[in-house]
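# Commentary on secondary and tertiary structure
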Amino acid sequence: MANNVGDRFEKLFIASLDIFLIFSGFVLSYWTLNLFTPSHLDLKIQYGTVILVSLSAIIWLFLFDLFTDMQRKSSVNVIFSIVLSLTIFSLSVFLFSFIKPQAFEGSVILSAFIFQLTLILTVRLCMWSIMRRVAGKKKVLIVSRSGLEGEKLAGKFHLQQEGWFEVSGYVTIQAKDTLKKYISKADIVVLSADLEKENQMSLTRMCMGEGKEVLLVPQFFEMAVFQAESQQVDDLLVFSIKPPKRNIGQNAMKRFVDFAVSLLLLIMSSPIFLILCLLIPLTSKGAAIYKQERIGKNGKPFLLYKFRSMVADAEKATGPMLALDKDTRITHIGLVIRAIRIDELPQLLNVLKGDMSLVGPRPERQFFINGFLKQLPDYNQRFQVKPGITGLAQVFGSYSTSVEDKLRFDLMYVRHQSLVLDLKILCQTLRVVLQPNHAKGVVQEPLKQKFGSVINS
């Protein structure tokens, strides 16, 4: 309870500070412009309107996830989120100026954007830097059932930039006699999902006794418990786990937003469609748009549309396979359109048809699904909702993120889906599109070579 109150106070403080900085940006803009304007043409600030407009900025900052804990976030993500949220906010103010032209002029909006961006970036990055100094450089120990899983997790923490973690290494559960010694030297202990429940419980108790933070990679069953509702049956405490469902009104609203937004985006991107429909066939043999069968809601197959980014018949010799990092099958134009994700634009037609949604788990081919189900029986839960052009796994992961890790994000979305969450994912997708590293293919290079601190057990 104390932590929740503290978190709410922190978010309220940051939101209030952001409003103050947005408002200060407008005031500085008027003051600066009036320095270079004849006195009889002074711009008059309407404080009431400016305060209300400043308050509205919170919507965009929230949709770009700027009120969650900055701890362990990438500074690049923070910068991109601030720049994009303030850019869209300034565009909304510009549109508002047509309704109330006496309140904001174009020069005021532009200079205010520069001041606001400078102020908020400076303050947020200072806060982020202080947070990193206080909570960063934590020594991480990974405990797993198998060495392969420990190596994989160690690689993820090692590759996480910005100095939040220092990987001490990984140790398997077989080294029970020496685990306490390793744990005592670590700041954070990561428990992998492949550990048996009994081992997770005993290790958590050991870490609590040693005063160590525990990061638990959840098993898929535990994903359902996160949304469980506590109930009382006589003197028995139970958790009610209900299947994820949306009512008729929620489904209708989601379909309306999907249709309206996809239609608008199709109209706006029509010049790109025209250019690529001419350019792709001219630079490589084959049609500009290709169709491929994917599996949608309730396991129903449909034809997915994409701009062709690979050579024609790319899988003729190999059969179905995922794109690799530096894949030689990708054309020169394909490299560009995949990096900025515009190869996905034709899927807006799938959204209009109702086969897909703007937000949801990415649709996959039956060939790969058959293989995934053998390893991950919970993979079927993805089909409870329509597949999407973007989703949680695309915002927080990348093309090369493992199927298991993507599934955790997908199941989180299935159980938490809402219009607000969809809007947040759509906004943050803009940030992902501007970071081409998210579109890299599967890397076949082993992780072991990327860090040397491994505990042999």
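Data block above holds the structure.
Residues numbered from 1 in each chain as written. Predicted model: local features only at pLDDT ≥ 70, side-chain atom pairs only at ≥ 80, totals over all residues. Heavy atoms only, no water.

## Things to note about the sheet that holds strand E3 (residues 188-191)
Think of a sheet as strands paired side by side through backbone hydrogen bonds, with each pair either parallel or antiparallel. Ordered by their spatial adjacency, four strands build an open sheet running E2-E1-E3-E4, and the pairing between neighbours is parallel. Each edge of the sheet is formed by a strand with only one pairing partner; in this case those strands are strand E2 (165-172) and strand E4 (213-216). If you compare each strand with its neighbour and ignore which way they point, the axes differ by 25° on average. As paired strands, E3 and E4 are joined by four bridges and run parallel to one another. Counterpart to Val 189 in the pairing with E4 is Val 214. (Pairing = 2+ DSSP bridges. Helix = DSSP H or I, 4+ residues; strand = E, 2+ residues; numbered from the N terminus. Axes fitted to C-alpha atoms, helices over the stretch in contact; angles between N-to-C directions.)

## Let's talk about the nonpolar core
Within the largest apolar cluster, 48 residues are counted, with the highest numbers of intra-cluster contacts made by Phe 26, Ile 82, Phe 104, Ile 142 and Val 190. For this core, the secondary-structure elements that each account for two or more residues are helix H1 (2-35), helix H2 (47-63), helix H3 (75-99), helix H4 (106-135), strand E1 (138-144), helix H5 (147-159), E2 and E3. The leading source of residues in this core is H4, at nine residues. Other than its neighbours up to four places away in sequence, Phe 26 contacts Val 50, Val 53, Ser 54, Phe 89, Val 93, Phe 104, Ala 112 and Gln 116. Judged by nonpolar contacts, the second largest core, of 23 residues, contains Leu 345, Val 351, Leu 421 and Ile 425. (Core = buried A, V, L, I, M, F, W, Y, C linked by side-chain atoms within 4.5 Å. Buried < 20%, exposed > 50% of the residue type's maximum accessible area, 1.4 Å probe, protein only. Contact = heavy atoms within 4.5 Å.)

## Some points on the side chain of Ser 269
Looking at the secondary structure, you find Ser 269 in the loop between helix H9 (248-268) and helix H10 (270-283). A relative accessible area of 7% places Ser 269 in the buried class. For Ser 269, the side chain forms a polar contact with the main-chain oxygen of Leu 265, separated by 2.7 Å. (Polar contact = N/O pair within 3.5 Å; in protein donor to acceptor, adjacent residues only side chain to side chain.)

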